[in-house]
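Residue strings, one per chain:
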Amino acid sequence: MKIASKPFRVGIVGAGPAGATLACLLAKEGVDAVFFDDGRRPEMVVGESLIPRLVTVFRRLGIEDEVAKLGTYKPGVTWIFDENDALELSFTAMRGVLPTYAYNVHRRPFDDLIHQTAVDAGARFIPCNVKLEVGVTERGEKVPRLSAETLALVPDWNGKQPDLLVDASGRRRLFAKLLGIKAAIGDRKDVSHFAHYENCTMPVPSGQTVITRLKHGWSWRIPLLHALSIGVVFDKDHAKLYGSTPEEQLEAVIDQNKPLADACPNRKRITPVTTYANYQLISDQGHGDGWVCVGDSFGFVDPMLSPGLAMAMTSAEMLADAILQNRPDDWERAFAAYLDWFRDMLCAWQELVDMFYGGHIFALQRTGTRMHQMFPGKIGMMMQRHFEKNISGMAGGGLTNHPYSRRLLRFMSRYAIYGEEPADYAVV
C-alpha cells in the first residue's frame, strides 16, 4: 500500500545517519520530511568499519559509488585470539545471502554524504537546537512535542505539530529522557579509546579489518584511505593499568600487545585520541501516539562486530517502509511490529557478540580445524562451508536474527566443541 496522495509531515529530531537515511527515503516518496539538528558533531566518530548489509542500503539510497570513493574496500574481518592463531573471515562465504564485501569509512565525510543525499532527495534540514516539551493526548498519554519556537522555524507548518515526530537523536535519547522512559542496560561497562595513525603496516588482505584479543579487552585496526584507525576496548578498571590519560592508555596497549606493536613500531598519531563508553541498551518503549524512535535512540549493542551504524541505517530503512506502506491510522500497529523486529535484532546481535566474548567462536574454529585434519573429505568440507556461510551471514547482518542460523550456532557452541575450553579464548 502506498502513502495517501496528500503528503503528510514528518519531523525528525537528529541528522546523523539514522535520521538522514529516514529523511531521504521519505522525501523520495513525496513525504514532507524535515530533520532538525544543531549540527554539532565530534571530529572523530566511532563506527568506521561497515558490514555487507549496509551495501544494500547504499544501493537503495543510490550512493554506493560515492561511498566507494571516500572509503576503502573491505573483503572481510580477521580475529587474532592469540599471538599464534587467527580466524580469517572472508565475506565471500556469504555469497547468495549478501554482497560479498563492505567498506571502511572515515565517518565525518561519510555522514556528510548521507546528509547531503537526504537534502538532494527533497528533505528539508533545519539547523537548530531543537526544543521539546511534553504534551498530553486526549487519552492522557504523555508525548513529545516540538516547542512553538522550533515549530516557527518551519513557517508553512503554521505552528502545527507534524503528523509524526521521530527521535533520531542517537544516544542522547531525547524523547526517552523527556518522557522518563527506562531502559534495560547490559552488563559490560567498557571504555574505548581510538585515533588515526600513519606509518603503520596495513592489514592483509588489503582493506581487511583486524580484531585482536588483548590481555585485557580487545582492539581494532581499520584501514582507511589515508590512515589506520586503531582502537582499544577494555573495562574501566583495566584501563587504569595502562596509564592515567586516554593517550597514555592507548599508546601503552599498542606497545604491550605484540600483534599491535609489530604492526605499528614507527606509528605517528595524526588525530586526537577520542573516548567512547561502550555498552548495550534497549529502551522499554520506542513509540507512542504520534512518535517513534529510530537508531541508537531506541537501542544499541556492543561494538565488537560493528553493528552500530548498520542498525542505525537499517532501522531507518525499516521505519521508512512502515511509514510508507501503512496509512497513518495503522501506524501504531506497524510501529509495534517494527520495534519487535528492532528488539529481536538487537538481542540477536548481542547473543552473537557474547559468543565472541565468551570464546565459543574461537573454540569452535579450533575444533573444526582439528576435525577437518583428522577426517578430511567432501562431507567435512561441506559441513564447514555451511557453518561458515551461516556465521558470516550473521556477522554480515543478513542472517543475524535468522531462526535457523541462530539455532545452528547455539547447537554448535553447546555440542560441537571438543578438546577446547571456550574460557581459554574469552575476552575479559
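Residues numbered from 1 in each chain as written. Predicted model: local features only at pLDDT ≥ 70, side-chain atom pairs only at ≥ 80, totals over all residues. Heavy atoms only, no water.

Draft legend 1. Region of interest: the overall build of the protein. In terms of regular secondary structure, the protein is built from 14 helices and 21 strands. Taken against the 2.2 N^0.38 rule, which gives 22 Å for 428 residues, the C-alpha radius of gyration of the protein at 22 Å falls within 12% of a compact globule. Here the contacts in the protein between residues at least 6 apart in sequence split such that 74% fall between residues at least 24 apart. As displayed, the protein has an accessible area near 18700 Å², and 53% of this comes from carbon and sulfur atoms. Within the protein, one finds 48 positive and 50 negative side-chain charges whose respective centroids are separated by 2 Å. (Helix = DSSP H or I, 4+ residues; strand = E, 2+ residues; numbered from the N terminus. Rg over C-alpha atoms; globule rule 2.2 N^0.38 Å. Contact = heavy atoms within 4.5 Å. Areas by Shrake-Rupley, 256 points an atom, 1.4 Å probe, with all protein chains shown as cover. Lys, Arg positive; Asp, Glu negative; His and termini not counted. Charge placed at Lys NZ, Arg CZ, Asp CG, Glu CD.)

Draft legend 2. Seen up close, the pattern of salt bridges. Inspection of every chain in the model, using the stated rule, returns 25 salt bridges. With its nearest N and O atoms 2.9 Å apart, the salt bridge here joins R107 to D111. Of this pair, R107 and D111 both sit in helix α4 (residues 107-120), four residues apart, roughly one helical turn. D111 shares its class with R107; the two are buried. A salt bridge links R124 to D156, with the shortest nitrogen-to-oxygen separation between them at 2.8 Å. A residue pair is termed long-range when its members are at least 10 positions apart, and R124 in strand β7 (residues 124-127) and D156 in the loop between α5 (148-151) and β10 (164-167) qualify at 32 residues. Residue R124 is classed as partly exposed on the basis of its relative accessible area of 29%. Accessibility expressed as a relative area gives 44% for D156, which makes it partly exposed. Among the charged side chains, a salt-bridge network with shared partners connects R53, R60, E317 and D321. (Salt bridge = Lys/Arg side-chain N within 4 Å of Asp/Glu carboxyl O. Buried < 20%, exposed > 50% of the residue type's maximum accessible area, 1.4 Å probe, protein only.)

Draft legend 3. Summary view of the sheet that holds strand β18 (residues 281-283). Spatially, the three strands line up as an open sheet ordered β11-β18-β21, and their pairing is antiparallel. At either margin of the open sheet sits one strand with a lone partner, and together these are β11 (183-185) and β21 (299-300). When β18 meets β21, the two strands line up antiparallel, connected through two bridges. The partner of I282 across the bridge, within β21, is G299. This element, helix α11 (residues 331-357), spans β18 and β21 of the sheet and lies at about 165° to β18. (Pairing = 2+ DSSP bridges. Axes fitted to C-alpha atoms, helices over the stretch in contact; angles between N-to-C directions.)

Draft legend 4. Geometry of the packing of helix α2 (residues 53-61) against helix α10 (residues 308-324). At their nearest, the axes of α2 and α10 sit 10 Å apart, and the two run at 50° to each other. Judged by the angle between their axes, α2 and α10 are oblique. The handedness of the crossing between α2 and α10 comes out as left-handed. Across the interface between the two elements, R53, L54, V57, F58, R60 and L61 from α2 touch L309, A310, M313, T314, E317 and D321 from α10. (Parallel < 35°, antiparallel > 145°, perpendicular 65-115°, else oblique. Left-handed = near helix turned anticlockwise from the far one by under 90°.)

Draft legend 5. Just the side chain of E48, in detail. Within the secondary structure layout, E48 lies in the loop between β2 (32-37) and α2. One buried charged residue, E48, forms no salt bridge at all, with the nearest opposite charge on R107 at 7.9 Å. Looking at E48, its side chain comes within polar contact range of the side chain of H196, at 2.7 Å. Within the structure, the side chain of E48 is placed 2.6 Å from the side chain of S229, a separation counted as a polar contact. Ignoring anything within four residues of it in the chain, the contact list for E48 reads Y103, N104, V105, R107, F194, H196, W220, I222, L224 and S229. (Polar contact = N/O pair within 3.5 Å; in protein donor to acceptor, adjacent residues only side chain to side chain.)

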